[in-house]
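Structural description and commentary
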Amino acid sequence: MKNILSDKGEALISIEKSENYSLGTPIQLSQYSIILVHKGEGIYHADFASFNFSGPTLLFSTPLQTIFIDPSKNIDYTVILFHGDFYCIEAHREEVACNGLLFNNIYLQPSVIISQQQHNVFCKLLQHLEEELSDPDSSEMILKSYLQVILAKCSTAKIRTMDKDAVVLAKDEKMEQFRILLDEKYLVLHKPNDYAAILSISPNTLTKKSIKYFGKTPSQLIQDRLILEAKKMLHLTTLSIKEIAYQLQFNDEYYFSRFFKKCTQISPQAFRNKGGISQVAYLSK
């Protein structure tokens, strides 16, 4: 299969099969990943969150998340890996609507349960993409077109799943208020007790509701929100590490770097070096 590599020797786009590409141990990928689980069951771990799944389903990860799959039964999957330098999801947000839905969202599980009919559609698209990758004269434009269709269909499937879940799971107004508060106050409020006080509920109630509604504790969400913003700034701006630390209201860049590495197992500079700076950062200048 043809390898399209970056200057650093990393795959800009590739397809991997479970028989020769194991996700059974923790790994940090430089690329975005779409994991199409054909069959089998297991637990998907993405950073500090974990959840059960069974095929057919789609799993997603953003660059340099720590991910792995703990299979409980025979599992068969195919992984599409693509680098932001090859296909910038920020620049194509209107076409694929995946940023903040499939990727870069701390509130939603990075997965989509699909029907067998949907699975067949994704398998056909994967086959076309694989055939194009196998062609020594393959066109980057065609590869990007197939990837764009796959991402768009993933987004559509996710939205439909969310609409169905909304019917089953009643909206929790307190948790929706917590979500809004967190997005507004994450820079200045770092303790669950602060949010509980504003919401007029006990810290214990906030924790129980948060785990039930989001699958994460309030502390995890607060940390994830800070890290998400840091990753965005590292990828989508040309600001220095010191400038990013200042904008995120850390006392100094060293404390910020220690916090970031503790949460992601990688330094901010290494994250930027591996993931690169998006073309969007330069377009906005």
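Structural notes, computed from the coordinates.

1. Structural notes on the side chain of Glu176
When you line up the elements, Glu176 lands in helix 4 (residues 173-185). Side-chain polar atoms of Glu176 contact the side chain of Arg179, separated by 3.1 Å. Apart from the residues within four sequence positions on either side, Glu176 is in contact with Lys171 and Tyr213.

2. Here we look at unusual backbone geometry
Here the residue pair Gly55 and Pro56 is connected by a cis peptide bond, since its omega of 0° sits within 30 degrees of zero. Relative to the elements of secondary structure, Pro56 occurs in the loop between strand 6 (49-54) and strand 7 (57-61). Not every positive phi belongs to a glycine, and Ser200 is a case in point at roughly 60°. Phi angles above zero are rare outside glycine, and Gln265 is one such case at about 65°.

3. As for the sheet that holds strand 6
The four strands lie next to each other as 3-8-5-6, forming an open sheet whose pairing is antiparallel. Strands with a single pairing partner mark the edges of an open sheet, and in this sheet they are strand 3 (27-28) and strand 6. Pairing geometry for strand 5 (residues 41-46) and strand 8 (residues 66-71), over five bridges, is antiparallel. Within strand 8, the residue paired with Tyr44 across the bridge is Ile69.

4. What about helix 6 (residues 203-214)?
Between its terminal C-alpha atoms helix 6 stretches 16 Å, which fits the 16 Å expected from 12 residues at 1.5 Å a residue. Those residues of helix 6 that sit buried are Leu206, Ser210, Tyr213 and Phe214. Buried residues along helix 6 cover an arc of 80° about the axis, so they all sit on one side. Exposed residues lying more than 90 degrees from the buried face of helix 6 are Lys208 and Lys212.

5. Thoughts on the packing of aromatic side chains
Within the structure shown, the criterion is met by 14 aromatic pairs. Ring centres 6.3 Å apart and planes at 75° place the aromatic pair Phe82 and Phe103 in the edge-to-face group. Taken together, the positions of Phe82 in strand 9 (residues 76-82) and Phe103 in the loop between helix 1 (93-96) and strand 10 (111-113) put the pair 21 residues apart, joining distant regions of the chain. Given a relative accessible area of 0%, Phe103 falls into the buried group. Their ring planes at 45° and their centres at 5.4 Å tell us that Phe250 and Phe259 sit as a pair that is tilted. Here Phe250 and Phe259 have matching classes, each one buried. Through successive ring pairs, a cluster of aromatic residues spans Phe250, Tyr255, Phe256, Phe259, Phe260 and Phe271. The positively charged end of Arg225 is found above the aromatic ring belonging to Tyr186, 4.2 Å away from the centroid.

So, how was this worked out
Residues numbered from 1 in each chain as written. Predicted model: local features only at pLDDT ≥ 70, side-chain atom pairs only at ≥ 80, totals over all residues. Heavy atoms only, no water. Helix = DSSP H or I, 4+ residues; strand = E, 2+ residues; numbered from the N terminus. Polar contact = N/O pair within 3.5 Å; in protein donor to acceptor, adjacent residues only side chain to side chain. Contact = heavy atoms within 4.5 Å. Pairing = 2+ DSSP bridges. Expected span 1.5 Å × (residues − 1). Buried < 20%, exposed > 50% of the residue type's maximum accessible area, 1.4 Å probe, protein only. Arc of directions from axis to C-beta. Phe/Tyr/Trp six-rings, centres within 6.5 Å; stacked < 30°, edge-to-face > 60°. Lys NZ or Arg CZ within 6 Å of the ring centre and 35° of its normal.

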